[in-house]
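Chain residues, written in single-letter form:
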Amino acid sequence: MTSQNIYILGIESSCDDTAASVILNGKILSNVIASQKIHEAYGGVVPELASRAHQQNIVPVVDQALKQAGITKDQLSAIAFTKGPGLMGSLLVGTSFAKSLAFGLDIPLIDVNHMQAHILAHFIEEDGFKKPPFPFLAMTISGGHTQIVKVKHYFDMEVIGETIDDAVGEAFDKSGKILGLGYPAGPQIDKLAQLGNPKAFPFTKPRVDGLNFSFSGFKTAVLYFIQKQVKLNPNFIAENLNDICASIQYTIIGILTDKLKKAVKLTDIKHIAIGGGVSANSGIRQALIDAETKHGWTTYVPKFEFTTDNAAMIAIVGYLKFLDGDFAEQNVMANSRLKI
Ligand code: KG4
Ligand code: ZN
């Protein structure tokens, strides 16, 4: 019966990826992303360029998502979009587009919190991936976010730790920049680290109270260390690149796992779900696997395409909210600082 088929279009435009996805009853039919290459030349995302690129990409990306799903826009049950947090100009493109399309089709509009979506991506129906049971701890680690969240139910979440400055992805990217690696440096550091000695250069971990993180001091420590060594040996970076990368990665993973251990102790919750682009890191994945046997945790890592910024995670939240009848009004506004 077609009335039981709930098709949701999800739209994500919070940062530098324009993405659209169609979900049918919790299963992803299409997941299209136009990544903006233009920022590579600047070593980071340039907000004004991002919003212009979103404007160029949004129609073809949505069109492609509908085509790949094999449906027309008239079959959609609702439109879900990222309300925030993110870059205001970027959010406005997705928000305005979603509002207009929902209005034109006379179907419900659903606003989605990007940070909740990273977590709820674990509930996409996907063969071979298990869903975490409530309550669980979610750690979202990316170029824009570093958070530990206690998830009591789909929309009952509490942030119990977050970064007070840079995100963990920035720690990778900024360290990489110091080493002369291109942007984003995270994947390159990961690759080089696998050939190096993680204990070659001990970097001190920042001391931050409770479950919060700080990465800006770490980046400065890397900078001073490299400057000092290069003064002594101009070829220091080239001669030690693998060891430097391994040491940086080892320290960052240590910072993350220390806080996770603390969070488990405080909450007595041993189901740990991670998300965000940095969860692709091989060292972090290995540390989580090790923690299963070492600490008795059960860990959850979603399919890669659902960990980085994507619209499938917006679509799954749209589906869950649709089931709850939780819709937004036409006057809904983007909110660049939206909280969980
Ligand atoms: O989730 P994402 O694609 O975009 C947002 O920032 O929202 O995450 C991108 C971040 C970048 O900082 C990138 O360097 C980092 O994730 N990253 C990695 C790896 N793959 C991506 N960091 C470490 N190791 C990786 N394998
Ligand atoms: Zn994100």
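What counts and how
- Residues numbered from 1 in each chain as written.
- Chains lettered and ligands numbered in written order.
- Predicted model: local features only at pLDDT ≥ 70, side-chain atom pairs only at ≥ 80, totals over all residues.
- Heavy atoms only, no water.
- Donors = N, O, S within 2.8 Å, 3.2 Å for Na, K, Ca; no water.
- Tetrahedral: all angles 85-135°; square planar, octahedral: opposite > 155°, others 65-115°.
- Helix = DSSP H or I, 4+ residues; strand = E, 2+ residues; numbered from the N terminus.
- Buried < 20%, exposed > 50% of the residue type's maximum accessible area, 1.4 Å probe, protein only.
- Pairing = 2+ DSSP bridges.

### Quick look at the coordination of the zinc ion (ligand 2)
Those donors, His114 (NE2), His118 (NE2), His145 (NE2) and Asp309 (OD), are the protein atoms that reach the zinc ion (ligand 2), and they lie 2.1 to 2.4 Å from it. Bound by 4 donor atoms, the zinc ion (ligand 2) shows angles of 91 to 157° at the metal and therefore irregular coordination geometry. Donor residues for the zinc ion (ligand 2) sit on one chain with the sequence pattern H-x3-H-x26-H-x163-D. In this pair, histidine 118 sits in helix α3 (residues 114–120) while histidine 145 sits in the loop between β6 (136–141) and β7 (146–153), placing the two residues 27 residues apart along the sequence. Here histidine 118 matches histidine 145 in class, with each residue buried.

### Considerations on the pairing of strand β1 (residues 7–12)
Counting buried positions along β1 yields 6 of 6 residues, so the element is predominantly enclosed. Neither face of β1 is exposed, since Tyr7, Leu9 and Ile11 on one face and Ile8, Gly10 and Glu12 on the opposite face are all buried. Here β1 runs beside strand β2 (residues 17–24); their pairing, made up of 6 bridges, is antiparallel. Residue pairing for β2: tyrosine 7 is matched across the bridge by leucine 24. In textbook terms, the turn of a hairpin is the stretch between consecutive antiparallel strands, and for β1 and β2 this stretch comprises 4 residues. Where β1 lies against strand β4 (residues 78–84), 4 bridges are found, and the strand directions are parallel. Each bridged residue has a counterpart across the sheet, and for glycine 10 the counterpart in β4 is alanine 80.

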